[in-house]
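Descriptive structure summary
Spelled out from the first residue to the last, the chains are:
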Number of protein chains: 2
Amino acid sequence: MIRELIEKNRTYRRFYQDVEVSQETLRELIDLARLSSTGGNLQSLKFFLSQTHETNTLIFKTLKWAGYFKDWDGPEEGEKPSAYVVVLHDQRISKGFFWDQGIAVQSILLGATEKGLGGCQFNSVDRVTLAQVLTLPDHFEILTVIAIGKPKEVVVIEELSESGNIKYWRDQQGIHHVPKRALDDLIFNL
Amino acid sequence: MIRELIEKNRTYRRFYQDVEVSQETLRELIDLARLSSTGGNLQSLKFFLSQTHETNTLIFKTLKWAGYFKDWDGPEEGEKPSAYVVVLHDQRISKGFFWDQGIAVQSILLGATEKGLGGCQFNSVDRVTLAQVLTLPDHFEILTVIAIGKPKEVVVIEELSESGNIKYWRDQQGIHHVPKRALDDLIFNL
């Protein structure tokens, strides 16, 4: 069951933009992050929610999409995400945030997947501009942005080829392929 | 469903040590991490598996348990974890590892929870000693250790009190209490 959900929880970059994601849905997803483990139980992550056209547009402009696709600038109008979660570290609470970002994002995206949604986590974010347009107080550090919407693409896991090239690719039918290393290549024992 | 699993996936520190965790079970859990998202799809994490008395003993000695319990050195014989996963970053693949650690560990522990197991992620690890006793090659950086076993304690989520103290505590019945911030304290909008 969790395996099924994890397999289905792929990174999606094109969405049915007209399918709205409600504030209540986003709150339910953040509640999953809230209930998840945090280092030292410090709970220093905060979450900025966006699901209006206005803030979605502001956030979209600060993102760079799909690093390996040099000739694609991101989804066109009509295929953009319906919502975003900006994950913040509240520096008033703690200096560091351990491994909390990954855990929180995984909980949020597994919850989204269960609801028939999907998303994408960004590292390439213009954080300076985003903090300005969202008028975030100085004590918030922007860790990542999660785009959320109803996926409008198919993503398939592939075996890694002998070349070892881990770059994902999109085929002529628009299907997105993601090569994964084999289990035996990840595991060690004494 | 995922919410139920996330609620059940607490940090456990005492286990039924006589309940073994098989190599096959550990492999199934690592497969969940393998199928999860990684930054840039680099997949630079590797996993050292332990479920024998010998390597479990070596690993146990390098861990510090429950930072907030100053008078508790960790579980006694009979209540120790039955297995461990040492999460490694393969520095031959990439310099950094984005948010991969948290995502992988969350997938592994959600899978463990579904199997009636539970665990604990450690930051307080004597990494130098652990690398030596496991004879890890230099290109592996130890990120964290996950202890896994059949939980022998009850963990309860509590509302954060007005004092804002996030330290967990154990009551006279041995029940472990974890205060969590309220949802509205984690969320922002424009």
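Just so we're clear, the structure is a prediction, and the values are computed from it rather than from any experiment.

For the rest of this paragraph, the subject is the side chain of A:Thr25. Among the secondary structure elements, A:Thr25 is positioned in helix α2 (residues 23–34). The contact partners of A:Thr25, leaving out residues within four places of it in the chain, are A:Lys115 and A:Leu117.

Positive phi values are uncommon outside glycine, yet A:Thr135 reaches one of about 45 degrees. Turning to its location among the elements, A:Thr135 is positioned in the loop between α5 (127–133) and β4 (140–149). Unlike most non-glycine residues, B:Ala66 shows phi in positive territory, near 50 degrees. Note that B:Ala66 resides in the loop between α3 (53–60) and β2 (83–90).

Next up on the list: the pairing of strand β4 (residues 140–149) of chain B. On any regular strand, side chains alternate: one points to one face of the sheet, the next to the other face. All names here are of chain B. With nine of 10 residues buried, β4 is to be regarded as a mostly interior element. For β2 and β4, the ladder comprises eight bridges, and the chain directions are antiparallel. In the strand pairing of β4, Val86 is matched with Val145. In this structure, strand β3 (residues 118–122) lies alongside β4, joined through five bridges in antiparallel fashion. Bridged to Gly119 within β4 is Ile148.

All names here are of chain A. Taken domain by domain, chain A comprises domain 1 (2–152) and domain 2 (154–190). Measuring from the centre of the C-alpha atoms in domain 1 to the corresponding centre in domain 2 gives 24 Å. At the interface, 10 residues of domain 1 touch 10 residues of domain 2. Counting each side, the surface lost to burial between domain 1 and domain 2 is near 1,000 Å², with a carbon and sulfur contribution of 60%. A per-residue breakdown of the area domain 1 buries against domain 2 is headed by Arg10, Tyr68 and Phe69, which together make up 58% of the total. The interface formed by domain 1 and domain 2 holds three residue pairs in polar contact (both at pLDDT 80 or more) in total.

For the rest of this paragraph, the subject is the pattern of salt bridges. A pair can form between side chains of opposite charge whenever their charged atoms are brought close. Applying the stated rule across the entire model yields 22 salt bridges over all chains. The partner of A:Lys115 in a salt bridge is A:Glu28, and the shortest N-O contact between them spans 2.3 Å. With A:Lys115 in the loop between α4 (100–114) and β3 (118–122) and A:Glu28 in helix α2, this pair connects stretches of sequence that are 87 residues apart. The class of A:Lys115 is partly exposed, set by a relative accessible area of 37%. Taking relative accessible area as the criterion, A:Glu28 reaches 36% and is therefore assigned partly exposed. As a salt-bridge pair, B:Asp90 and B:Lys46 come within 2.8 Å of each other at their nearest N and O atoms. Highlighted residues: B:Asp90 in strand β2 and B:Lys46 in strand β1 (residues 45–50), separated in sequence by 44 residues. B:Lys46 carries the same exposure label as B:Asp90, and that label is buried.

Rules used throughout
- Sequence order sets the numbering: in each chain, residues are counted from 1 along the sequence as written.
- Chain letters start at A and ligand numbers start at 1, both assigned in the order the entries are written.
- Given that this is a predicted model, residues contribute local features only at a pLDDT of at least 70 and side-chain atom pairs are listed and counted only at 80 or more, while totals for whole chains, interfaces and linings are drawn from all residues.
- The basis for every side-chain value is the complete set of non-hydrogen atoms in the structure, without hydrogens or water.
- Each helix corresponds to a stretch of at least 4 residues labelled H or I by DSSP, and each strand to a stretch of at least 2 residues labelled E; elements are numbered beginning at the N terminus.
- Every residue pair with non-hydrogen atoms within 4.5 Å of one another is taken to be in contact.
- Buried, partly exposed and exposed residues are distinguished by accessible area as a fraction of the type maximum, computed with a 1.4 Å probe on protein chains only: under 20%, between the cut-offs, and over 50%, respectively.
- Here, a strand pair is defined by DSSP locating no fewer than two bridges between the strands.
- A domain assignment, automatic or from a database, supplies the domain bounds used here.
- Simply put, the buried area is the total loss of 1.4 Å probe accessible area from both parts when two parts are fitted together.
- Identification of polar contacts relies on pairs of N or O atoms within 3.5 Å, with a donor-acceptor requirement for protein atoms, meaning one able to donate a hydrogen and the other able to accept it, and with residues adjacent in sequence counted only if both atoms are side-chain atoms.
- Here a salt bridge means any side-chain nitrogen of Lys or Arg lying within 4 Å of a carboxyl oxygen belonging to Asp or Glu.

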